[in-house]
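# Summary of structural features
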Amino acid sequence: MIASKKFITTEPLGKSGERAEQLVWEKIQQAFRDRECIAYWRYPIFSPQGKFRKEPDILICDRLLGLIIIEVKSLFIEQIVAITGHRWQYQNFYTNWGNPYQQAENQLFALLEYSDAHPNIKGKIPAKAIIALPQIQEQQWQEKGFHQLPSSPPILFKNKLHAPELIINLIQETAPVIPGESLNNQQWQLLLGLLGGTPLFGSPTHRVLAPQESRGKILQQLRQRIAQLDLQQERIGKEIPPGPQRIRGIAGSGKTVLLCQKAAHMHLKHPDWKIAVVFFSRTLYYPIQQQIDQWLGHFSNNQQGYNLNNPNLRILHAWGSRTQPGFYTILCQLARTYALSVGDSSTKQPNEALAEVCLQLLQSSSIPQIYDAILIDEGQDLMADKWKYEGKQPFYWLAYQALRPADPIHPEQKRLIWAYDEAQSLDSLTIPTASELFGPELGNLVTGKHRGGINKSEIMHRCYRTPHYILTAAHGISMGLLRPQGMLTGITRKEEWEAIGYEVTGSFRPGKEITLKRPGENSPNPIEELWQGSVIDFQAYTSRQQELTVLAKNIGHNLRADGLRPSQEILVLVVGPFFEAARLEMEVAGFLRRHHIDIFIPGSKDCNILKPDTKEKIDRNKFWCEGAVTVSRLHRAKGQEADLVYVVGLDLIARDESNVYLRNQLFVALTRARAWVKISGIGSYSLYEELEKVIASKDTFNFTFRRQPRWEMSVTDAGELLQRFALGGRNFQQADLQAAQLWGVHLKNANLIGANLRGANLQQAQLDGIKLVAADLREVDLTGASLRKAKLMGANLQGASLRGADLRGADLSDAELEDVDWLGADLRGIIS
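In this report, we go over the structure that sits alongside the text.

Attention shifts here to the state of the cysteines. Two cysteines form a disulfide when their sulfur atoms are joined by a covalent bond. Across all of its chains, the model carries one disulfide by this definition. Cysteine 607 shares a disulfide with cysteine 625; S-S distance 2.3 Å. Judged by the sign of its S-S torsion, about -95 degrees, the bond between cysteine 607 and cysteine 625 is left-handed. With a gap of 18 residues between them, cysteine 607 in the loop between β24 (603-604) and β25 (618-619) and cysteine 625 in the loop between β25 and β26 (629-633) connect regions that are remote in the sequence. Per residue, the accessibility class of cysteine 607 equals that of cysteine 625, and both read buried. In this structure cysteine 37 is not part of a disulfide, and its nearest cysteine sulfur, from cysteine 61, lies 8.3 Å away. On the accessibility criterion, cysteine 37 (0% relative accessible area) is buried. Cysteine 332 takes part in no disulfide bond, and the closest cysteine sulfur, belonging to cysteine 358, lies 7.8 Å away.

This is the structure:
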């Protein structure tokens, strides 16, 4: 484990009165940095403590030492009046008494309950409880005679905190509450998984009456694998940021799971907060509700679950309806404004219509600040191309206005947390960057880190749901990487590809050869180890009748011979333009039904309903129906997944193969799969040849870069800054671009006052007239850069390389210039 990532601060420390606690946490990190462990400040388990719920201050899970809970008390010796048994009497403290050791023990036992359902580790985990007194010397304790008491607990005193070996020794010598035993690798991975909550989302196994090599038997093996703890997921899911946060993750990286975990954690820790979890597709209601319910139970030892009637934790569709309140309709009600519908809009397109009605609400009403946190899932679906409110995205600006400031001193800091994957955009090609959502003046809102080290932006590059070769095929075909005329959309900077888990050879310049490879460890789904055949197949047919006949035959085989269940294990997705796809959806569902396969079309109340003709037959939130195979178009399938996915009607996309929106449908369709994808279409098209080449390429694409794509994607802070600059933006004050790869960039006259560029690569960059006043430029590489008339007053350039740089007329007055490499630099006319 990487030392800096295995210590998770679930909420920032650093407030007044927390200095002693912060000191203990920092010293624990130093002591355990080289050990195989994971540690938390305030791990979110809320066990009963009288009328209150209390988290453990520090939880350490160490491979050799087991579980350790450290209860930190920021007490001075004079504040402890007496100790009777486990009860401590205080004076001049926020409470008159406490049971610190018993409290730590209770937390330990509550935590150990997680393992009770697992015979492999039940009763086998070593466990210890310790009190930390960072403001009391051991000698002071002894002078009071407390060390002679029979109930004197193990204590980490102030004088032991300054040496990591003393901390480790104390913990090693502490008598365990549970002796336990040495854990083998499987037990260790299971323990880490229990802490992370990964067993919550493992699919339950069931009896499969099929041959050993069948798909059903392979799925049984797949579900018995122990999920390894992902440190990035663990950190993101359990952190509560003191302001906005952007989570950009590829399909299947766990964005929805993390948002649900974060919402549950927030609610248990701050039950008085008003929290909203918001999404665009109504079919996400049930899965989000289920996941939040599971996380609430996990963190509370099954004493609390999701309550529909709790106004402080709401799961809300972005729109809402007459029968089910949504985010927009609730705000309309509070603003005493009539809520509009899609039918009232000028565009009649749901995402654009939502932006239009939000714009009207913003223009006509004062938005009440009623929420403490808003978490948005599938954030790309809430973007609009046609409507803006003073240069801002209307829905996001509405959400931002509805939030109370997280920090009164910095009112722009509000807990708006949005997760997205722009590759899954089906209606808008606008990316939800901070400048797009909130305007240029707040464009740096999610660059850098919050107080306490919590990242404002996260990029999740590991895909757990979709098998390795299916994910790479999804990227390859949706972006057009092997398209003869050149790629249509995608990423054109090496650093951006690396950020989503690819390795890059070559440069994105016209006529240059590029090799993209995705290492297997970034797509850890093990299906390709267990299944001997192909996980992704494509077949073209001469007629629709033939395509659907084979589809029905294959599904029948899956149900009878493979041992697959129809609901949630098999999914049929119909692709293509709206009206053609709607017609084909009905045709596919009707054909399967005539071949004695029960079907379900999302939005219906029950199975085998092709067109609901009464309200009683409609349930717009429903996506699955027990005993039936779901047949769906792509918009309703967002956020859903199945083991075997059939993609039908590829010809409807192939007829217009340069349409980026339709190509994105393929990305969404393929990434719904947990194990296999079968694609089909009719006729003969160039897209078919391209798809076959993509599938044959597996995880490595070799192609010639021909020209800039029509729609260029950017996932890093540096890439976003460059896009903003290209569109005319110049104000990037306080931007955090530490260690950014910015070789050869053009940022002439940009405002980067106070920016953090420590360790960045700016070789050969065009930076004439740039404002870098008070910027952190330590160890920055500016070799060969042009910095004529640059403003560098008060900047810290310690250890920077300015070899061969052009600094004519630059102002370096009051700059820190220790150990700067000036070799060959042009310094004519500089001010220093």
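A word on the pattern of salt bridges. Opposite charge on two side chains lets them pair, provided their charged atoms get close. For the coordinates displayed, the defined rule picks out 45 salt bridges. Ionic pairing is found between arginine 655 and glutamate 580, a salt bridge with its closest N-O pair at 3.7 Å. Taken together, the positions of arginine 655 in the loop between α20 (651-654) and α21 (660-670) and glutamate 580 in helix α18 (residues 578-594) put the pair 75 residues apart, joining distant regions of the chain. Assessed through its relative accessible area of 47%, arginine 655 is described here as partly exposed. The exposure class of glutamate 580 is partly exposed, given its relative accessible area of 27%. Note that glutamate 690 is salt-bridged to arginine 663, the shortest N-O span being 2.7 Å. Placement of the pair is glutamate 690 in helix α22 (residues 686-697) and arginine 663 in helix α21, with a sequence separation of 27 residues. Accessibility classification places glutamate 690 together with arginine 663 in one group, the buried group. Shared partners join several salt bridges into a network, and the residues in it are Arg223, Arg465, Glu569, Glu641, Asp643 and Arg674.

Moving on to the nonpolar core. Within the largest apolar cluster, 137 residues are counted, with the highest numbers of intra-cluster contacts made by Phe327 and Phe438. The contacts of phenylalanine 327, once residues within four sequence positions are left out, are Val278, Leu316, His317, Ala318, Trp319, Tyr371, Ile374, Phe395, Leu398, Ala399 and Ala402. Formed by 43 residues, the second largest nonpolar core is a distinct cluster that contains Ile38, Tyr90, Ile155 and Leu191.

What follows covers unusual backbone geometry. Non-glycine residue alanine 774 carries a positive phi angle of around 60 degrees. With a phi close to 65 degrees, aspartate 814 is a non-glycine residue in the positive phi region. Relative to the assigned elements, aspartate 814 resides in the segment after α23 (717-726).

For a regular strand, side chains alternate in direction, first toward one face of the sheet and then toward the other. Only one face of strand β8 (residues 87-90) is covered, namely the one carrying Trp88 and Tyr90; the face carrying Arg87 and Gln89 has none of its residues buried. Bridge analysis of strand β7 (residues 80-84) against β8 gives four bridges, and the strand direction is antiparallel. Bridge pairing in β8 links threonine 84 to arginine 87. Here β7 folds back onto β8, and the loop between the two strands holds two residues, one of which, glycine 85, carries a positive phi near 60 degrees. Inspection of the sheet shows β8 paired to strand β9 (residues 97-98) by two bridges, in the antiparallel sense.

Turning our eyes to something else, we now look at the sheet that holds β8. A sheet is described by the order of its strands in space; here three strands give the open sequence β7-β8-β9, paired in antiparallel fashion. Whereas interior strands pair on both sides, the edge strands pair on one side only; in this sheet they are β7 and β9.

What follows deals with the packing of helix α10 (residues 327-334) against helix α11 (residues 350-364). Axis separation between α10 and α11 bottoms out at 11 Å; the angle between their running directions is 20 degrees. It follows from the interaxial angle that α10 and α11 lie roughly parallel. Crossing of α10 over α11 shows left-handed handedness. Here Tyr328, Leu331 and Cys332 of α10 lie close against α11, whose contacting residues are Leu354, Val357, Cys358 and Leu361. Class assignment of the residues belonging to the contact of α10 with α11 gives a composition of seven nonpolar, no polar and no charged.

Each value, and the rule that gives it
- Residues numbered from 1 in each chain as written.
- Predicted model: local features only at pLDDT ≥ 70, side-chain atom pairs only at ≥ 80, totals over all residues.
- Heavy atoms only, no water.
- Disulfide = S-S within 2.5 Å.
- Helix = DSSP H or I, 4+ residues; strand = E, 2+ residues; numbered from the N terminus.
- Buried < 20%, exposed > 50% of the residue type's maximum accessible area, 1.4 Å probe, protein only.
- Salt bridge = Lys/Arg side-chain N within 4 Å of Asp/Glu carboxyl O.
- Core = buried A, V, L, I, M, F, W, Y, C linked by side-chain atoms within 4.5 Å.
- Contact = heavy atoms within 4.5 Å.
- Pairing = 2+ DSSP bridges.
- Axes fitted to C-alpha atoms, helices over the stretch in contact; angles between N-to-C directions.
- Parallel < 35°, antiparallel > 145°, perpendicular 65-115°, else oblique.
- Left-handed = near helix turned anticlockwise from the far one by under 90°.
- Nonpolar A, V, L, I, M, F, W, Y, C, P; charged D, E, K, R; others polar.

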